[in-house]
Amino acid sequence: MGKIIGIDLGTTNSLVAIVESGIPLVLADGQGRRLTPSVVRVSAAGETVVGWEAKRGRVAHPETTVTSIKRFIGRRGDEVDSTAAASVYTIRSEGRGPVAVPLHGRDWSPEELSAEILKALRTIAAEGMIDRPEAAVITVPAYFNDAQRNATRNAGELAGLRVERIINEPTAAALAYGLGSLKEKSKVAVYDFGGGTFDLSILELNEGVFQVLATCGNTRLGGDDIDHVVIEHLAEQISQGGGPSAATEPAIWARVAEAAEEAKARLSTENEVAISLPFLASEFSFEYTLTREQLESLAKPIVVRTREYCLKALADAGLASGDLDQVILVGGQTRMPLVREFASEVFGCGDSGPKLNTSQNPDDAIAIGAAIQAGILSGDYSGMLLLDVTPLSLGIETFGGLMNVIIPRNTTIPVKRGEVFTTVADYQKEVLIHVLQGEREKATDNWSLGRFTLGFEPQPKGVAKVGVQFEIDADGILNVLARDIKTGNEKVVEMASAVEVDDAEVQQMIEESVEHAFDDIEERRWIEAKLRAEQTKAATRKGLQSFGGELADDQRGAIEAALAVVESLLAKLGRDEAVTAAEFKEANGTLDEATQPLAELMMDRVMAEMLKKRGVLPG
């Protein structure tokens, strides 16, 4: 049997993973991103755009951009509340008939839209594997009924995949957490709070196999609901400030939704977030600060709703919380401090209660588990030997002097992870790989493990792709591979042990990272905002030179005005004058808004050229 991939087909984000040399790992796309937004946009020509590109285009095309389609897969019209999607696209649901999403005169089924997401994941896997994937293990919530499971299987087949197995998400999570090493008859609760669904499952380990004792959940309860109450809160603030009604303006609703989602994610690690939405109307811009306290006040009624499912699952299993050995957290929403505190309280986690296990990345866990199951089926997986963990994060220096983490602190070894980077200057002949270890944001504040260069074919900036892979073996030795993806030219360098670090030095590094956390984060924001300003300035100038003459005078004028502000801030830096990250962010946001017509014009031209090459349009 050939290689089988593992897929977490999520409501908000999806992932694909494989087992390589006995090690399960999540595959990244060409930009080094492991998460693929479960978002599909359908153009007027009937072509689909999936993932990050579709999510970015939601503001411009809100009514033809589909999110959270997993909530509707395998369901009938009388089972669906068409308002449950918390979105602006239309759901057609009548009686016992199938659910459909009408887009540009055609009805799309949830299976067809899910298949587009699966195709994107299959493409990511094909780029990261030697053999093209033809089979998959796909995960579903434990309480999915037969119709929903069959619909998920059909979506996989529509994507050109042979679906070897549909497995429950909590079982996959247990595999990912390595819970097979627990003592016999151990009992584990899997608290899975994702973007669109919640479920609580109780598992028991019997002769190396996890048996689901009970499961309870809600296919219409998840992080999307928290997004929705935050959107409504922001929309109310906009209305009270004299702004337009987001509820009746799809484009405004999409912009507010994007801001709400970003703010919610950031408030898992920050205490407050400044939200800026310039030019929501011709003479109205929105500025607002959302605090973690406000977010938790809005989110708490939704989070509290998970309690009844937790208690019912325990009752169905005939257990009390004290009978559990562990509670593991799965799903991106469990990053939220409020959710972790609530789960700990519900199950009485602590000295006398079960352990709250947060050792795995909650986004990756289900995909990793699916890959382990796929590896078992294909004979590629015989168990993982957990010998040690990385005491400090490992990464490389990126443009601007920042550290990009590739292997986070406390990752179990052996491990192999990588990302793809690109060049920042035209026609570079080589790139410097500076390997770092530490917890600080700036490269200079971390430890240098070594440097080496990789030569490659000169290309315009942003075109060349360099893959960097870190592999730590069972002995803790770090091997770093850099590869020119176009030519295959590569270099592998063995570094010092990534594990044998003096405990006192590790403690000092961690203490310094905590002490300087706010300053480091602000420094990173400033550098990233400055770099973005420089990149946006260059791209806008190039776009205006090529297509500026096709824009309306007011559109071109708005771009020139916004561009002048960005250029003036960069000029200040050249004169050693102070510019804040907030100033750069505001200027970048205004320029992004102004260049939307230019971006759409450029995209139309690119699409037209593609269609000409395919013979769809005359040359």
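Before reading on, note that the structure itself is shown above.
Residues numbered from 1 in each chain as written. Predicted model: local features only at pLDDT ≥ 70, side-chain atom pairs only at ≥ 80, totals over all residues. Heavy atoms only, no water.

1. Structural notes on the pairing of strand S5 (residues 39-42)
The alternating pattern of S5 places Val39 and Arg41 on one face and Val40 and Val42 on the opposite face, and all of these are buried. Bridge count for S5 against strand S7 (residues 65-67) is three bridges, and the pairing is antiparallel. Counterpart to valine 39 in the pairing with S7 is threonine 67. Looking at chain direction, S5 and strand S6 (residues 48-50) are connected through three bridges and run antiparallel. Bridging from a neighbouring strand, valine 42 pairs with threonine 48 of S6. The hairpin formed by S5 and S6 contains five residues between the paired strands, and glycine 46 there has a positive phi angle of roughly 90°. (Buried < 20%, exposed > 50% of the residue type's maximum accessible area, 1.4 Å probe, protein only. Helix = DSSP H or I, 4+ residues; strand = E, 2+ residues; numbered from the N terminus. Pairing = 2+ DSSP bridges.)

2. Brief notes about the sheet that holds S6
Taken in spatial order, the three strands of this open sheet run S6-S5-S7, and their pairing is antiparallel. Whereas interior strands pair on both sides, the edge strands pair on one side only; in this sheet they are S6 and S7. Across this sheet, the average inter-strand angle for adjacent strands is 20°, counted without regard to direction. (Axes fitted to C-alpha atoms, helices over the stretch in contact; angles between N-to-C directions.)

3. Re the pairing of strand S10 (residues 135-140)
Most of S10 is tucked away: six of the six residues are buried. Along S10, one buried face is formed by Ala135, Val137 and Thr139 and the opposite face, lined by Ala136, Ile138 and Val140, is buried too. Pairing analysis gives four bridges linking strand S1 (residues 4-8) to S10, with the strands arranged parallel. Within S10, the residue paired with isoleucine 4 across the bridge is alanine 135.

4. Side note on the pattern of salt bridges
Across all of its chains, the model carries 26 salt bridges by this definition. Its salt-bridge partner being aspartate 364, residue arginine 34 comes within 2.8 Å of it at the nearest N-O pair. Placement of arginine 34 in the loop between strand S3 (23-26) and strand S4 (36-37) and of aspartate 364 in the loop between strand S18 (355-357) and helix H10 (365-378) is noted, with a sequence separation of 330 residues between them. Arginine 34 gets classed as partly exposed once you look at its relative accessible area, which sits at 28%. Aspartate 364 gets classed as buried once you look at its relative accessible area, which sits at 5%. Salt-bridge contacts for arginine 440 lead to aspartate 445; the nearest nitrogen and oxygen are separated by 3.4 Å. Through salt bridges that share partners, Glu262, Arg266, Glu270 and Arg525 make up one connected network. (Salt bridge = Lys/Arg side-chain N within 4 Å of Asp/Glu carboxyl O.)

5. Some remarks on the environment of proline 597
By the element assignment, proline 597 lies in helix H15 (residues 596-613). Proline 597 sits 46 residues away from leucine 551 along the chain, and the two C-alpha atoms are 7.9 Å apart. Apart from the residues lying within four places of it in its own chain, the contact partners of proline 597 are Leu551 and Gln555. (Contact = heavy atoms within 4.5 Å.)

6. A few points about the packing of helix H5 (residues 223-240) against helix H6 (residues 250-266)
Describing two packed helices takes the angle between their axes plus the distance from one axis to the other. Across the interface, H5 lies against H6 with an axial gap of 9 Å and an inter-helix angle of 120°. Classified by the angle between their axes, H5 and H6 sit oblique to one another. Crossing handedness for the pair H5 and H6: right-handed. Contacts from Gly223, Ile226, Asp227, His228, Val230, Ile231, Leu234 and Ile238 of H5 reach H6 at Trp253, Val256, Ala257, Ala260, Glu261 and Lys264. The class makeup of the residues in the contact of H5 with H6 is nine nonpolar, two polar and three charged. (Parallel < 35°, antiparallel > 145°, perpendicular 65-115°, else oblique. Left-handed = near helix turned anticlockwise from the far one by under 90°. Nonpolar A, V, L, I, M, F, W, Y, C, P; charged D, E, K, R; others polar.)

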